[in-house]
Every structure is written in structure tokens, then in C-alpha cells.
Amino acid sequence: MEIIKQLKESNLTGLGGAGFPTWQKWQAVLDAPEKKRFVICNLSEGEPGVFKDEYIINHHLKELILGIELAAETISAPKSYIYLNDKFKKYLPKIKRLASPAKIEIFINTGRYLCGEETTLLQVLEGKIRWPRIRPPFPAESGLYGYPTLINNAETLYRAHLVSIGKYQPKRFYSVSGEKIKKEIVEANVDAKISEIIGKKNLGQAKFARIGGVTGEFLPKEKFDQPAGSTGAIELYPDRKEIISALIESIKFLKSESCGKCTPCREGLYRVAENFNRLFDSGSLWDRKDIVNTIKEISDGARESSFCPLGKSIWRLIESALENFSEELLS
Ligand SMILES: Cc1cc2nc3c(=O)[nH]c(=O)nc-3n(C[C@H](O)[C@H](O)[C@H](O)COP(=O)(O)O)c2cc1C
Ligand code: SF4
């Protein structure tokens, strides 16, 4: 099929975080034996520091709808869904003006972070408990109500449309924000360096950044020559910010978003929070090195044994802080 070939040649990969080749996902749904199929546009955008999909609603909605229609046509899906974070309810009239109700149904979710994870998304759409499903089977094989389902991030579908009309360039939107920094969306190459994306002024004021949201990494300014990738989120922290408080804020958020289905993530986060509090407490009786080693052990165990991608990926954030800021954390 022509569009699959074009997607393959474009090297477009999913822009929702996992970076899976888009053509391969579309092909997998096409190859599924079951002929009833669905397309879901993931407009959950609950990741802290990510606001690029909202930018697409505001600036490229027409192209996004065309991207959804293109995906539906390609996999012969009579019905598609826009899975919309309830913080975007204000855009409903605008979306409804462009999306034909016969083809595209808008489903409003509760806006929690985990709702954006593709199997949790399916559970919520089916009216079931808000927690993830085991994979495999992957949604491309058994998704909504057990039928093959193509789930793509809004930006991926927008860019797939650009591919189909020959206007695609290997670029993506980056969400740049931070303490005392004006939020902005920057469009730059998919492999652009963090320093290029944020510009000289922001670079001058920053001490470190959280890249890719809560499932990403903490990087010191010296490593801003790396690409931002993943969700395209760059959150900058100024000179006076201590890494420990940025870590505690992230863990607080994750603790409130963990669904509690599995022990390693639920209890691991609790234990890690407890240990970071000990590090934060300058009068603590605990040896700081012991605390850091305990945090590492908990993180390694939970990464291996958590049930879903949330619990498997959040430990990188902690690990990156321990790797890059050990001196500050231990002093
Ligand atoms: C905790 C968690 C939250 C996620 N939230 C979103 C989200 O808000 N939007 C999104 O497009 N993908 C999100 N994802 C990724 C989706 O599971 C899925 O990989 C993505 O929608 C696939 O689209 P893509 O291939 O176009 O990237 C999340 C994943 C996890 C683990
Ligand atoms: S890893 Fe965390 S979010 Fe995922 S199922 Fe387990 S408790 Fe829930």
C-alpha cells in the first residue's frame, strides 16, 4: 500500500513517547485477520511538561483530522475515536466543526496521566477499571473490544498526513517550559540537540533539565548536547534549584498516578519517596550512601517486575539523577 511505503521511507516514528515506527504499527493492524478495526487518536496529553498536542489542536486541527481519516481509510476502519483529555473540553466545538460524527467519535477521559497509556486508554474507553492490561496481545492485534486497533499520538497522525501529501520533513514539536521561563513550542529536527532547541538565553539560565517528562531523565546543562527525543518535553530548572526537590516533586506526582495494581510500582514508589525524604532531611541519622544504594536496589527491582510501561520506565528518572548529581545528593 502506497501510504505504508511512504511512512516507511519517511522514518516517521510515534511521537507519544515510545518512538515505535509508524508504518510498522499501521501494517500490523492491516495484517490482523479480524476485519473490524478501530483508529484511536491519543489526545490524552497527561505527561507533565508536554503541551505539544494542545498546540496541534490550536494550530493544525484540520491536518490532524485528515491524519485520522487517512489512518482509518488505510486500515479500513469505519469508526475512529479521539480520546480527549477533559482539560481540552473547551476545544470541543472547534473539533466538532471539523470531525464528522459519522466517522469520528470524541471520548472525554478523566485526564489522569495513566489514561494516556494505550491499554489503560482501552480499558477506560470500554468503561472498565482505570488500569493497564497485559501486553501481548498488543492493541494492533487485540485492542478496543478485542478488535485490531491503531492507537497513535495526535502529532504522529498530524505528521502522517504531511507524509501523505509529500510535505513531511523530519521535524517534531518540543514543549519547552520551566521555572520562570515562558512556555513555548519549538519545531525542530527530530534529532535536534537540547541546547539548539532551548536557545542561548534559556541555556544561560539553566542548571539542569527534566527531559521527556516523568518517565524521562534529569540531565545537567553539560549534557544538553544530547537529543531530547521521547515525548519532546524539556523542563528547565534554574541555578538555585536543588535536584532533590525536583526529584521529590516528580515522585510525589508518580505516587499519585500509580494505579496500585502491582506491588513493585505501588510499594517501590512509596519506599523510594521515604528514602528521598531521608536524604532531604539534613538531620537524618541514616548514612547518605546507604540511602542512595537502597534507592538503587528498589529501582532496579521495580523496573524488572512492574506490570506496565509506567512502572517499568519511571526508574530511569531516579537513576539519571543518581548518575548525574551524585555529588549534590550525597553532600
Ligand atoms: C503512563 C503513560 C502515559 C502515556 N500518555 C500518553 C499520552 O498522553 N499521549 C500519547 O500519545 N501517548 C501516551 N503514552 C504512550 C501510549 O501508550 C502509546 O505508546 C502512544 O499513544 C502510541 O502512539 P505513537 O505510536 O503515535 O507514539 C503514554 C504511555 C505511558 C506509559
Ligand atoms: S506499574 Fe504502576 S501504574 Fe503500572 S500497573 Fe503497576 S501499579 Fe499500576
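Residues numbered from 1 in each chain as written. Chains lettered and ligands numbered in written order. Predicted model: local features only at pLDDT ≥ 70, side-chain atom pairs only at ≥ 80, totals over all residues. Heavy atoms only, no water.

Asks: Which residues make up the pattern of salt bridges, and what values go with them?
Replies: Under the defined criterion, the tally for this structure stands at 21 salt bridges. Measuring nitrogen to oxygen at the nearest pair gives 2.9 Å for the salt bridge that ties Arg271 to Glu274. Residue Arg271 and its partner Glu274 are located together in helix α10 (residues 263-280), separated by three residues, close to a single helical turn. Two residues, Arg303 and Glu319, come together in a salt bridge whose shortest N-O distance is 2.9 Å. Linking Arg303 in helix α11 (residues 288-305) with Glu319 in helix α13 (residues 315-324), this pair joins segments that are 16 residues apart in sequence. Linked by salt bridges that have partners in common, Glu217, Asp300, Arg303, Arg316, Glu319 and Glu323 make up one network. (Salt bridge = Lys/Arg side-chain N within 4 Å of Asp/Glu carboxyl O. Helix = DSSP H or I, 4+ residues; strand = E, 2+ residues; numbered from the N terminus.)

Asks: Help me get a handle on the packing of aromatic side chains, residues and values and all.
Replies: For the coordinates displayed, the defined rule picks out eleven aromatic pairs. Ring centres of Phe38 and Tyr147 lie 6.2 Å apart, and the angle between their planes is 65°; this geometry places the pair in the edge-to-face category. Of the two residues, Phe38 sits in strand β1 (residues 38-43) while Tyr147 sits in the loop between α6 (118-125) and β4 (149-153), which places them 109 residues apart along the sequence. Judged by its relative accessible area of 25%, Tyr147 falls in the partly exposed class. Where Phe208 meets Tyr237, the ring centres are 4.7 Å apart and the plane angle is 15°; that geometry is what we call stacked. Taken together, the positions of Phe208 in strand β7 (residues 206-211) and Tyr237 in strand β9 (residues 233-238) put the pair 29 residues apart, joining distant regions of the chain. Classification of Phe208 by relative accessible area gives buried; the value is 0%. (Phe/Tyr/Trp six-rings, centres within 6.5 Å; stacked < 30°, edge-to-face > 60°. Buried < 20%, exposed > 50% of the residue type's maximum accessible area, 1.4 Å probe, protein only.)

Asks: Go over the site of ligand 2 with me, naming the residues and quoting the values.
Replies: Not every one of the 13 residues close to ligand 2 is listed here, only the nearest: Cys259, Gly260, Cys262, Cys265 and Cys308. Using a 2 Å cut-off from the grid points, one finds that ligand 2 occupies the largest cavity. Classifying every residue of the shell around ligand 2 gives eight nonpolar, four polar and one charged. (Near = heavy atom within 4 Å. 1 Å grid on protein atoms, 1.4 Å probe; cavity = no way out; pocket = protein on both sides within 12 Å on 5 of 7 lines; lining within 4 Å. Sits in = over half its atoms within 2 Å of the grid points. Nonpolar A, V, L, I, M, F, W, Y, C, P; charged D, E, K, R; others polar.)

Asks: Summarise the pairing of strand β2 (residues 79-85); cite the residues concerned and give the values.
Replies: Most of β2 is tucked away, with six of its seven residues classed as buried. Note that β1 and β2 share six bridges and pair parallel. From the neighbouring strand, Ile40 faces β2, where its bridge partner is Tyr81. Summarising the sheet, β2 and strand β3 (residues 104-109) pair through six bridges and their orientation is parallel. Its bridge partner lying in β3, Ser80 is registered against Ile104. With helix α5 (residues 92-98) bridging β2 and the parallel β3, this β-α-β connection has right-handed handedness. (Pairing = 2+ DSSP bridges. Right-handed = clockwise from strand over helix to strand, strands pointing away.)

Asks: Any details on the site of ligand 1? Residues and values, ideally.
Replies: Inspection of the region around ligand 1 gives 18 residues, with Gly16, Lys25, Asn152, Asn153 and Thr156 positioned closest. Glu118 is positioned such that a nitrogen or oxygen atom in its backbone is 2.9 Å from an oxygen atom of ligand 1. Alone, ligand 1 offers 620 Å² of accessible surface; in the complex the protein occludes 91% of this. A molecule is said to occupy a pocket when more than half its atoms come within 2 Å of that pocket's grid points, and by this definition ligand 1 occupies the largest pocket. Of all the secondary structure elements, the ones that give two or more residues to the shell around ligand 1 are β4 and α12 (309-313). Looking at the shell around ligand 1, the element that brings in the most residues is β4, giving three residues. In terms of residue class, the shell around ligand 1 is made up of five nonpolar, nine polar and four charged. (Polar contact = N/O pair within 3.5 Å; in protein donor to acceptor, adjacent residues only side chain to side chain. Areas by Shrake-Rupley, 256 points an atom, 1.4 Å probe, with all protein chains shown as cover.)

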